[in-house]
Amino acid sequence: MATIKQEDFISSIADALQYISYYHPLDYIQALGEAYHREASPAARDAIAQILTNSRMSAEGRRPICQDTGIVVAFVRVGMEVRWETKGLGVSDMVNEGVRRAYSNPDNILRASIMEDPAGTRRNTRDNTPAVIHYEIVPGDKVEITLAAKGGGSENKSKFVILNPSDSLVDWVLKTVPTMGAGWCPPGILGIGIGGTAEKAMLLAKEALMEPVNMHELLAKGPHNRVEELRLELYEKVNALGIGAQGLGGLTTVVDVKIRDYPTHAAGLPVGMIPNCAATRHIHFTLDGSGPAVLVPPDLDAWPKVDWQPSPDARRVNLDTITREDVVTWKPGEALLLSGKLLTGRDAAHKRIADLFARGEGLPPGVDFTNRFIYYVGPVDPVRDEVVGPAGPTTATRMDKFTDMMLDKTGLIGMIGKAERGPQAIESIRKHKAVYLMAVGGAAYLVAKAVRSAKVIAFEEMGMEAIYEFVVQDMPVTVAVDAEGTSVHETGPAEWRGRIGKIPVVAG
Ligand code: SF4
């Protein structure tokens, strides 16, 4: 009979969460390396190169792959013969203590993103607890744990449907994936759960994402059952949608499609679909009573040999002298390197600004957006000599409802984020002759290297959601919506879907 000690359990959880914050799973990163070599779309190839370079830098620097260090999901399979030696803590308490320890580790502090009272005050719990924990009681005398740190951008794009038994699951997936936009930071993985009940289908989808990326093996050996046939069909057809890396249009949107199924009621076909992003993070380990989990660092020589460098054709932009007349000359898809001052702000800061204006008040002292850009980011706190921790873009679409207010009332001339903008924001950008630029989601450590100084200038109490002033040097971005309102997230996928030519391009 194995005895699992409290400290072994907690330290294993903490070490594993630290590990996955900076080490991508090798199977994902190698599949992405293959996608890089296959990619024919220059914009998508550049984005993949940034993600791969960022991944290696994170592994070497032992700092987070992405500024969103995720919500912790734990799958705990407890052997029925296991004995626990604890000091009054339950297993969930021990998981959460591991999370607390991992996210406050001073050598690699991780971003706390969890809000209690989610439909009310939304207070940050400050230590990223609690985790979402799933248990299974199984035969044996071991405890098997799978941990994931799931990014909000990809989790937000989860979908669920109960189809009729005779409906086509493939049609539903192909209709639904384009509605997910690029906020889930592709190229990634789709986890699909089929059957059971509503909650079971979603759980199957999440569990499927914990499996290894092995599409290349399936492509080589061919399918041996219905689920494998479906995986292959969806892999090919989802990629034929042409969405591509970061939604810029390209050959690879998913590196794998994982499916789990379960018997279901005769009356329906529940389907859950959850994407995993460029910051795919999960790990599996077993405790057998012999001590904490031993996590061996991966061999960095196994990382794809890709070293992203800014394009020599990129336009260099001085943010300190830029005017509206300059930004109207920028072309959709153009690569820029930004230098100078920009301000940051994301969901909570926009809401606070909207509330100030609604009360007839102005911006907080020291905040002036005139002829400035706002960067949608919630950075990780710095450690050691860092100016700022990993600081990649957050999903711009969430700021759409504030865009007209910001462009109309603050003198702002542009925004930087990730993923597409909706019709309302695009119309506002066109009307104000502004511009929207995108940075690569999942390249947060690389982007942070462009930040030369960072200081909080308003809303300090909101932590990572405060308004910062960044001084950047050669920060790489792409023009995603130009001053005419042309969006590369519309033109890119339509072009590549047409080029791939397996699914008809639907106008509009
Ligand atoms: S890669 Fe994108 S979706 Fe994933 S955690 Fe980072 S910002 Fe969020």
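Conventions and cut-offs
- Residues numbered from 1 in each chain as written.
- Predicted model: local features only at pLDDT ≥ 70, side-chain atom pairs only at ≥ 80, totals over all residues.
- Near = placed C-beta within 6 Å.
- Nonpolar A, V, L, I, M, F, W, Y, C, P; charged D, E, K, R; others polar.
- Domains from an automatic or database assignment.
- Buried ≥ 20, exposed ≤ 12 C-beta atoms within 10 Å, placed from the backbone.
- Helix = DSSP H or I, 4+ residues; strand = E, 2+ residues; numbered from the N terminus.
- Pairing = 2+ DSSP bridges.
- Contact = placed C-beta atoms within 7 Å.
- Expected span 1.5 Å × (residues − 1).
- Axes fitted to C-alpha atoms, helices over the stretch in contact; angles between N-to-C directions.
- Parallel < 35°, antiparallel > 145°, perpendicular 65-115°, else oblique.
- Left-handed = near helix turned anticlockwise from the far one by under 90°.
- Core = buried A, V, L, I, M, F, W, Y, C linked by C-beta atoms within 7 Å.

Describing the site of the ligand
Next up, step 1: For the ligand, the set of nearby residues contains 14 residues, the closest of which are Cys66, Gly151, Gly153, Cys185 and Cys277.
Next up, step 2: In terms of residue class, the shell around the ligand is built from 6 nonpolar, 7 polar and 1 charged.
Next up, step 3: Shared between two domains, the shell around the ligand holds at least three residues of each, these being domain 1 (3-285) and domain 2 (315-492).

A few points about the pairing of strand S11 (residues 269-276)
The two faces of a sheet get side chains in turn, since along a regular strand they alternate between them.
Next up, step 1: With 7 of 8 residues buried, S11 lies mostly within the body of the structure.
Next up, step 2: Here strand S8 (residues 159-163) runs beside S11; their pairing, made up of 5 bridges, is antiparallel. Counterpart to Leu163 in the pairing with S11 is Leu269.
Next up, step 3: Across 6 bridges, strand S9 (residues 188-196) lies against S11 in antiparallel orientation. Pairing of Ile189 across the sheet is with Asn276, part of S11.

Details of the environment of Arg430
Next up, step 1: Mapped onto the elements of the fold, Arg430 is located in helix H13 (residues 423-431).
Next up, step 2: Measuring from C-alpha to C-alpha, the distance between Arg430 and Thr486 comes to 8.5 Å, with 56 residues separating the pair along the chain.
Next up, step 3: When residues no more than four places from it in sequence are discounted, the contact partners of Arg430 are Glu484 and Gly485.

Considering helix H3 (residues 42-61)
Next up, step 1: The terminal C-alpha atoms of H3, which comprises 20 residues, lie 28 Å apart, in line with the 28 Å expected from a rise of 1.5 Å per residue.
Next up, step 2: For H3, the buried fraction is high: 16 of the 20 residues fall into the buried class.
Next up, step 3: One or two steps after H3, the chain reaches Arg62, where phi turns positive at roughly 50°.

Some thoughts on the domain arrangement of the protein chain
Next up, step 1: What the domain assignment reports for the protein chain is domain 1 (3-285) and domain 2 (315-492).
Next up, step 2: A separation of 28 Å is found between the C-alpha centroids of domain 1 and domain 2.
Next up, step 3: Contact with domain 1, which involves 35 residues of that partner, is made by 30 residues of domain 2.
Next up, step 4: For the side of domain 1 that touches domain 2, the element with the highest residue contribution is H3, accounting for 9 residues.
Next up, step 5: Among the residues forming the side of domain 1 that touches domain 2, the class breakdown is 16 nonpolar, 16 polar and 3 charged.

Things to note about the sheet that holds strand S2 (residues 71-79)
Next up, step 1: Read across the sheet, 4 strands follow the order S6-S2-S7-S12 without closing on themselves; strand pairing throughout is mixed. The open sheet has two free edges, formed respectively by strand S6 (132-138) and strand S12 (282-287), since each of these has just one partner strand. Strand-to-strand, the axes of this sheet are offset by a mean angle of 15°, without reference to chain direction.
Next up, step 2: Across 7 bridges, the pairing between S2 and S6 is parallel. Across the sheet, residue Val76 finds its bridge partner in S6, namely Tyr135.
Next up, step 3: Packing of helix H1 (residues 6-22) onto the sheet brings it into contact with S2, strand S7 (143-150) and S12, and relative to S12 it is tilted by some 155°.

A few points about unusual backbone geometry
Most of the time, phi is negative for any residue but glycine, and the peptide bond is trans.
Next up, step 1: Cis geometry is found at the peptide bond from Thr129 to Pro130, where omega equals 0°.
Next up, step 2: Locating Pro130 in the fold gives a position in the loop between strand S5 (123-124) and S6.
Next up, step 3: Geometrically, the link from Pro186 to Pro187 is a cis peptide bond, its omega value of 5° lying close to zero.
Next up, step 4: Turning to its location among the elements, Pro187 is positioned in the loop between helix H6 (169-176) and S9.
Next up, step 5: Notably, Asp117 is not glycine yet its phi reads approximately 50°, a positive angle.

Overview of the packing of helix H11 (residues 347-358) against helix H12 (residues 400-409)
Next up, step 1: Close contact between H11 and H12 brings their axes to 11 Å; oriented N to C, the two are set at 60°. Relative to H12, the element H11 is oriented oblique. Considering only the axes of H11 and H12, their crossing is left-handed. Facing His350, Ala354 and Phe357 of H11, the residues of H12 in contact are Phe402, Met405 and Lys409.

Some remarks on the nonpolar core
Next up, step 1: Among the nonpolar cores identified, the biggest contains 139 residues, and Leu17, Leu32 and Ile48 are the most heavily contacted of them.
Next up, step 2: The residues touching Leu17, leaving out its near neighbours within four places in the chain, are Val72, Gly98, Val99, Ala102, Leu147 and Ala149.

Some remarks on the packing of H6 against helix H9 (residues 226-239)
Next up, step 1: One can describe the packing of H6 onto H9 by two numbers: an axis separation of 10 Å at closest approach and a directional angle of 30°. Taken as axis vectors, H6 and H9 run roughly parallel relative to one another. Helix-helix and strand crossings are classified by hand; for H6 and H9 the assignment is right-handed. Residues Val170, Val173 and Leu174 of H6 form the contact with H9, whose participating residues are Glu233, Leu234, Lys237 and Val238.
Next up, step 2: Here the contact of H6 with H9 is built from residues that sort into 5 nonpolar, no polar and 2 charged.

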